[in-house]
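# Structure at a glance
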Amino acid sequence: MQDMTVDLNSKVLIEKAEKDGVETMYKRKLGYKVQCGFGLQGVCCRNCGMGPCRISAKTPRGLCGADQHTIVGRNFARMAAAGTAAHSDHARDIAHTLALTAPGGDYQVKEPQKLVEFAKFMDVDPEGKDIYELAHEVAEVCLMEFGKPFGVSKLLKRAPKVRQEIWHNLGIEPRAIDREIATVMHSTHVGCTADLDSLIHMSLRCSLADGWGGSMIGTMLSDILFGTPKPVHTEANLNVLAGNNVNIILHGHEPTLSEMIVAASELPEMQELAKEVGADGITLSGICCTGNELTMRHGVKIAGDFHQQELAVITGAVEAMIVDVQCIFPAMAEVSTHYHTKFITTSPKAKITGSTYMEFHEETAMEDAKTIVREAILNFKNRDASKVLVPDLKSEGMVGYAEEAIVGQLNNVVNTQIDEMDSIKPLVDVLASGVIRGVVGVVGCNNAKTPSNYNHLTIIKELIKNDFLVVTTGCGASAACKNGLMLKENAPKYAGKGLATVCELVDIPPVIHLGSCVDNSRILNVCSIVANACDMDISDLPVAGCAPEWMSEKAIAIGTYVVGSGIDTFLGVMPPVTGSDRAVELLCGGLKDQVGACFYVNENPVELAKMIMDDIEAKRPAFEALY
Ligand code: NFS
């Protein structure tokens, strides 16, 4: 089982789990040696009560006559819709929170200037308005983006004009976010769409509603509410758990809860309570995207990634794991019964049997957060020293590079005369000169189909060794940080000469932390800024996307909107589409003619890295000529 991860801390805890008689994902994986071939190929249809129908040589059509192309296309579209729903519902909650802001309230506007700019972009006139009046109006306009009856996503105009025309001409401009999700659910209902091209177009339109809609709103409003991230020092991996402190792990996605837990745990009354129960203090750390949101805004330490959630509890040193939504193993309830850890669920959207349910309401945020933190502190007395094993390793890193930091950092140091329009010039210069060969977003989950972190680390190291700058989000970011790749000081060790020189000159690590998975919208944003500055389309830029260990439906939505935005996207795990040769051909080739990008899949990470580099190198001559 230890071979199923390359993380040394995880190996120690997998062994401990065995000794403690606790089942983990790694153990369950052993029972899944052979996974369902129909499911793997995407040819099982459960969309009506006559089924399930499964396509095989003997049964080439479902009972309704749907062939493998229709079934694969429908299943793919539903994955994209579920992913879009998850990101966008997260964004909706943030928008509702913005609507609750008040001077002196639990939630306030931390970035008034950004709010004003965004208001103008969303066609809200800030003139003569109080900042909170404006916040409420912007919140409402954003909420309308989910269900407005007419028009297309307002955020699309962030993209270069040529890209907007491509979307328009293909009929894949997303309209209201919820509408695109509903359209996919409707059209994949029995007796609707039975045309692969149409299903893939719907998948694109729906996913674009995520990237250039929900996720972008989520990122923008989170910055306005909680502050634009700035580069900050952090530590990562399970050794961040502190010996004699109350350890609280925040896991999930939406910063509305976790920001309030941070604020509550800093209150003197909570610190005193921690002392009263015999602890030295309170240590907060994060898992999954909540970890990314917190580390980039507060330097809160990263306990681990998706595959380490059970292992965190198995350390025996966690008083509470507080979760909200997404990427939370239901197994956490069972694992927690073996230790003193309180597994606290907080959202009506993600109740889990066996957890301690303490519902969190934005309207009473601070009170709720205090109650939850208190529960964690009072659990300290139940810690059993004989069950504690905090493994030895952690790494340091610099995290929290928002768009502003990426552009700003380069501007600060490259000593050229730059006017406002040219603020992106230094970044483009290092790209055009070839000192940096290209920029690759290596993002996404851990997948038990590969050893945890192995693909991420192999690909990232190959890329930076060859002077490709890597930007990263989600659990890929955690993997990089855990392995010291977010330290400028490590650039000479891992990066090629060109990249190492840039890291030194402009004071950036070779792998740049951009945040959580909704923050992939920051990548779209930077690409747009660069493309606009160069008068190009995004598909002309020497950039690529890569999800080496993707697993969630959110990742399908992200991959699809990245492709739809004109960025070639490289996957280390095959999506469940191989049952339709036409779907494979379209997703991994045919789309190129339509949107200027497509998917590439290779389960060998060294080969995948080579494919990424070759793809970008092939784009370079045209990019250099255009620039
Ligand atoms: Ni992204 Fe965040 Fe991690 Fe994958 Fe899950 S945490 S939204 S889905 S597993 S990267």
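Keep in mind the model is a prediction, meaning the values are calculated, not measured.

## Concerning the coordination of the nickel atom of the ligand
- Among all protein atoms, only Cys517 (SG) binds the nickel atom of the ligand, sitting 2.3 Å from it.
- Secondary-structure assignment places Cys517 in the loop between strand 13 (511-515) and helix 22 (520-533).

## Examining the nonpolar core
- By size, the foremost hydrophobic cluster in this structure holds 171 residues, and its most contacted members are Phe118, Val138 and Leu221.
- It is helix 9 (residues 196-226) that contributes the most residues to this core, 15 residues altogether.
- Those residues in contact with Phe118, other than ones at most four positions away along the chain, are Val138, Cys142, Leu155, Arg158, Met220, Leu221 and Ile224.
- Residues Met25, Val313, Val323 and Ile352 belong to the second largest nonpolar core, which totals 33 residues.

## Topic: the environment of Ala312
- Relative to the helices and strands, Ala312 resides in helix 13 (residues 309-314).
- In this structure the C-alpha to C-alpha distance between Ala312 and Gly400, which are 88 residues apart in sequence, comes to 23 Å.
- Leaving out residues up to four positions away in the same chain, Ala312 has contacts with Leu238, Leu241, Ile249, Ile287, Val318 and Met321.

## Focus on the pairing of strand 12 (residues 468-473)
- When you tally the buried positions in strand 12, you get six out of six residues, the bulk of the element.
- Every second residue of strand 12 is oriented toward a common face, with Phe468, Val470 and Thr472 on one face and Leu469, Val471 and Thr473 on the other, all of them buried.
- Between the parallel pair strand 11 (residues 438-442) and strand 12, the chain is carried across by helix 18 (residues 454-465), and the sense of this crossover is right-handed.

## Here's the deal with helix 24 (residues 581-595)
- With 15 residues, helix 24 should cover 21 Å at 1.5 Å per step; its first-to-last C-alpha distance of 20 Å lies within 8% of that length.
- Listed in full, the buried residues belonging to helix 24 are Ala583, Leu586, Leu587, Gly590, Leu591 and Val595.
- Residues of helix 24 that are buried in the fold lie against helix 4 (68-100), helix 7 (161-170), helix 9, helix 23 (553-564) and strand 16 (599-601).
- Of the residues one or two after helix 24, Gly596 is the one with positive phi, at around 80°.

## So, the packing of helix 4 against helix 8 (residues 177-187)
- Two elements in contact, helix 4 and helix 8, have axes separated by 9 Å at closest approach and are oriented at 155°. By the criterion of interaxial angle, the relationship of helix 4 to helix 8 is roughly antiparallel. Crossing geometry of helix 4 relative to helix 8 is assigned as left-handed. Facing helix 4, whose interface residues are Ala77, Arg78, Ala81, Thr84, Ala85, Ser88 and Arg92, helix 8 presents Ile177, Asp178, Ile181, Val184 and Met185.
- When its residues are assigned to classes, the contact of helix 4 with helix 8 shows seven nonpolar, two polar and three charged.

## Here we look at the packing of helix 8 against helix 9
- Packing of helix 8 against helix 9 leaves a shortest axis separation of 9 Å and a crossing angle of 155°. One way to sum up the angle between helix 8 and helix 9 is to call them roughly antiparallel. Helix 9 is crossed by helix 8, and the crossing has left-handed handedness. Contacts between helix 8 and helix 9 pair Ile177, Glu180, Ile181, Thr183, Val184 and Ser187 from the former with Met202, Arg205, Cys206, Ala209, Gly213, Gly214 and Ile217 from the latter.

## Regarding the sheet that holds strand 14 (residues 543-547)
- Pairing within the open sheet is parallel, and its six strands lie in the order 13-12-11-14-15-16. Sheet topology places strand 13 and strand 16 at the edges, where each strand pairs with a single neighbour. Within this sheet the neighbouring strands show an average axis-to-axis angle of 25°, counted without direction.
- Alignment of strand 15 (residues 569-571) against strand 16, held across three bridges, turns out to be parallel. Paired with Phe570 across the strands is Tyr600, a residue of strand 16.

Rules of the game
Residues numbered from 1 in each chain as written. Predicted model: local features only at pLDDT ≥ 70, side-chain atom pairs only at ≥ 80, totals over all residues. Heavy atoms only, no water. Donors = N, O, S within 2.8 Å, 3.2 Å for Na, K, Ca; no water. Helix = DSSP H or I, 4+ residues; strand = E, 2+ residues; numbered from the N terminus. Core = buried A, V, L, I, M, F, W, Y, C linked by side-chain atoms within 4.5 Å. Buried < 20%, exposed > 50% of the residue type's maximum accessible area, 1.4 Å probe, protein only. Contact = heavy atoms within 4.5 Å. Right-handed = clockwise from strand over helix to strand, strands pointing away. Expected span 1.5 Å × (residues − 1). Axes fitted to C-alpha atoms, helices over the stretch in contact; angles between N-to-C directions. Parallel < 35°, antiparallel > 145°, perpendicular 65-115°, else oblique. Left-handed = near helix turned anticlockwise from the far one by under 90°. Nonpolar A, V, L, I, M, F, W, Y, C, P; charged D, E, K, R; others polar. Pairing = 2+ DSSP bridges.

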